[in-house]
Amino acid sequence: MKNPFESTILQLEEASKYLDIPNLVMSLLSKPERIIEVFLPLRLDNKELKIVKGYRVQYNSWRGPYKGGLRYHQKVDLNEVKALSLWMMIKNAVCDVPFGGGKGGIEIDPKTLSKTELKELTRLFAKMLTPNIGPTVDVPAPDVNTNAKILDWFVDQYEQNVKTQNSNVKFTELKAVATGKSIENGGSEGREEATGLGGYYVLEELIKKMGLKKPLTVAVQGFGNVGSHLAALLCQNGYKVVALSDSKGGIYDQSGDGFNIDLVKTCKLERGLIADCYCIGTVCDLAEKKKGEITNEDLLELPVDILVPAALENVITEKNADKIKAKIVFEMANGPTSLEGDKILHGRGIPVVPDVLANSGGVTVSYFEWYQNMHGEHWKLEEVKDKLKEKMTDAFKNVWNIHEEKKVDLRTGAYILALRRLHESYKKLNK
Ligand code: GLU
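Residues numbered from 1 in each chain as written. Predicted model: local features only at pLDDT ≥ 70, side-chain atom pairs only at ≥ 80, totals over all residues. Heavy atoms only, no water.

S.K.: A description of empty space enclosed by the protein should follow, citing residues and the corresponding values.
M.R.: Applying the stated criterion across every chain, the model contains 1 cavity of 30 Å³ or more. Its boundaries defined by the atoms lining it, the largest cavity holds a volume of some 140 Å³. As for the largest cavity, its lining consists of 17 residues, of which Pro4, Trp87, Thr337, Ser338 and Leu339 are closest to the centre. At the level of secondary structure, the elements contributing two or more residues to the lining of the largest cavity comprise α1 (4-16) and α16 (410-429). For the lining of the largest cavity, the element with the highest residue contribution is α1, accounting for 4 residues. (1 Å grid on protein atoms, 1.4 Å probe; cavity = no way out; pocket = protein on both sides within 12 Å on 5 of 7 lines; lining within 4 Å. Points joined across faces, edges and corners; volume = space filled by probe spheres on them. Helix = DSSP H or I, 4+ residues; strand = E, 2+ residues; numbered from the N terminus.)

Take a look at the structure:
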C-alpha cells in the first residue's frame, strides 16, 4: 500500500493525462519546495524538559504565499504533513484563492498538556517558524486540535519577534501572518463555522445535480469543529443526521428521525463522550442505549444516503470500501479515502466528493480574513457568508463540468482543475 503522499502524486499524474503539462512541471509539483523540521524544548509544569518535534512543509508558492493549517496530534509525522501540504496546494487552486500550499504539525497529544504547556509549545513553534513565515510568505491556520486561542498565541509571539527586529512594520498587516484567529484579535466573522458551511453549500449543489430529494439521511464521523458545524447545519436544513461519532465511538438512530445536534453538543460538553449521548431528550433504558452505540468502523458501513468522514485520514480503504452502503461519500476530513478505497468506490458507482472541494470553505474564509487584515477591513457575517457561497458554488460547478466533460470522477475533475491553474501560474512566473 502506498502512503497518502505517494498516492496523491499518482492521482495527480493520472489527472495530468487530460492536460498538456510538461514533464518538468509535473516533476516540480511532485516535491515540496521546502521542508522545515524543528525540535521544541518544552518545559513541562513539573520542570522536566521534553523535546517535541514539529514540521512545516512549504509545498508550493506559484499561486501565492504558502497556506495551510497547523495540526497538533500524536500521530503527526513528516509523511503526513507532506501529504497534507500537497492537498492544500490542490485545494487552494480548486477554490481559487491566491495561495500556494503548506501545512504544519507538532507530534504531540495536546490533551496531555496543561494550558500553560500548550501555550508555551505554541510560542516555541512560532519563534522557530518566524524567519520562514509572514503575511506574504506563509500563512498558517487551525487544523486538527488547534483553534482560535492557539492561533492568537501564535500570532502574538510572531508579532513580538518581528517588532523587536523591525519597528516600522504595520500592525494590522502583521495579523495576516495567520488566519483562524479570534474576532478580537483580527479574525474574520464566520471563520469558525466556515468549513462546515462551505461543505453544506457544496452538498446542496450536488444533490440538485443528482436529483436527490430531502430528507436524506447522513452519518458524520468526527465531531470536532468541522463535523459538529456541518451536522448542525444539515439538521437545520432538512437532512436527518442519524449517526455521529467522536474518536471514542458513536451513536446511531435506527428509527431514521435523526439527532438534535444542539442537544448532542451540550451533552458532549457535559459528558465528554458522544457514545454517552444516545438517550438525550428521551427516556431510554440501558438495553436501548446499548443498541444505539456504535464504533467508528460501524458508522462507515451504515445504510445512509450520505456518509461524511470528518475526522482523520485513511478511514475508507480496501478493507471496508466494498461494505460502504452510502449513496454519496462526502469528504470533510483531509484524505479520508485511500487510493485503493477510492478505486473500489468508483467501481461501485458511489460518487466521492473530494476533500479538496468539500472542505475548502475553511481556507476560503481564511483568505477573506487575510484580505481583511491586509486592507484594514472588517466584513459583516452576512457578507462573509454570501461571498463564501459564491466561491463554493463556483468551485463545485467547475469541478462538476470537468467531471461531465471528461467523464472522470469528481476527484480527478478537481485535480484537473487544480493542475490547469497551477500550470497557468507557472507559465506566468516563467515567461
Ligand atoms: N486546516 C484547514 C484545511 O485543511 C484550513 C487551512 C487554512 O485555512 O489555511 O483546509
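S.K.: Explain the state of the cysteines to me, using residue names and the numbers behind them.
M.R.: The final tally for this structure, using the stated rule, is 1 disulfide. Cys267 shares a disulfide with Cys277; S-S distance 2.0 Å. On the sign convention where negative is left-handed, the bridge of Cys267 and Cys277, at about -90° about the S-S bond, is left-handed. With Cys267 in helix α9 (residues 261-271) and Cys277 in the loop between α9 and α10 (286-292), this residue pair connects regions lying 10 residues apart in the sequence. Grouping residues by exposure puts Cys267 and Cys277 together as buried. A disulfide-free cysteine, Cys235 has its sulfur positioned 14 Å from the sulfur of Cys277, the nearest such atom. (Disulfide = S-S within 2.5 Å. Buried < 20%, exposed > 50% of the residue type's maximum accessible area, 1.4 Å probe, protein only.)

S.K.: Quick one: what's the story with the packing of aromatic side chains, residue by residue and with numbers?
M.R.: To describe a pair of aromatic rings, you give the distance between the ring centres and the angle between the ring planes. Within this structure, the stated rule accounts for 12 aromatic pairs. Ring centres of Tyr200 and Tyr201 lie 6.0 Å apart, and the angle between their planes is 45°; this geometry places the pair in the tilted category. On the basis of relative accessible area, Tyr200 is assigned to the buried category, the value being 11%. A relative accessible area of 11% means that Tyr201 is categorised as buried. One aromatic cluster is present, built from ring pairs that chain together Phe99, Tyr367, Phe368, Trp370, Tyr371 and Trp379. Lys67 extends its terminal NZ or CZ atom over the ring of Phe99, reaching a point 6.0 Å from the ring centre. (Phe/Tyr/Trp six-rings, centres within 6.5 Å; stacked < 30°, edge-to-face > 60°. Lys NZ or Arg CZ within 6 Å of the ring centre and 35° of its normal.)

S.K.: I'd love a proper account of the sheet that holds strand β5 (residues 138-142), names of residues and values included.
M.R.: The strand order across the open sheet built from 5 strands is β1-β2-β4-β3-β5, with neighbouring strands paired in mixed fashion. On the outer flanks of this sheet lie β1 (34-43) and β5, each paired with one strand and no other. Sheet twist, expressed as the mean angle between neighbouring strand axes with direction ignored, is 20°. As paired elements, strand β3 (residues 66-73) and strand β4 (residues 101-107) share 4 bridges and run parallel to each other. The partner of His73 across the bridge, within β4, is Glu107. Against the sheet, helix α4 (residues 115-129) engages β1, β2 (49-60), β3 and β4, with an angle of about 140° to β1. (Pairing = 2+ DSSP bridges. Axes fitted to C-alpha atoms, helices over the stretch in contact; angles between N-to-C directions. Contact = heavy atoms within 4.5 Å.)

In short, geometric facts, not functional conclusions.
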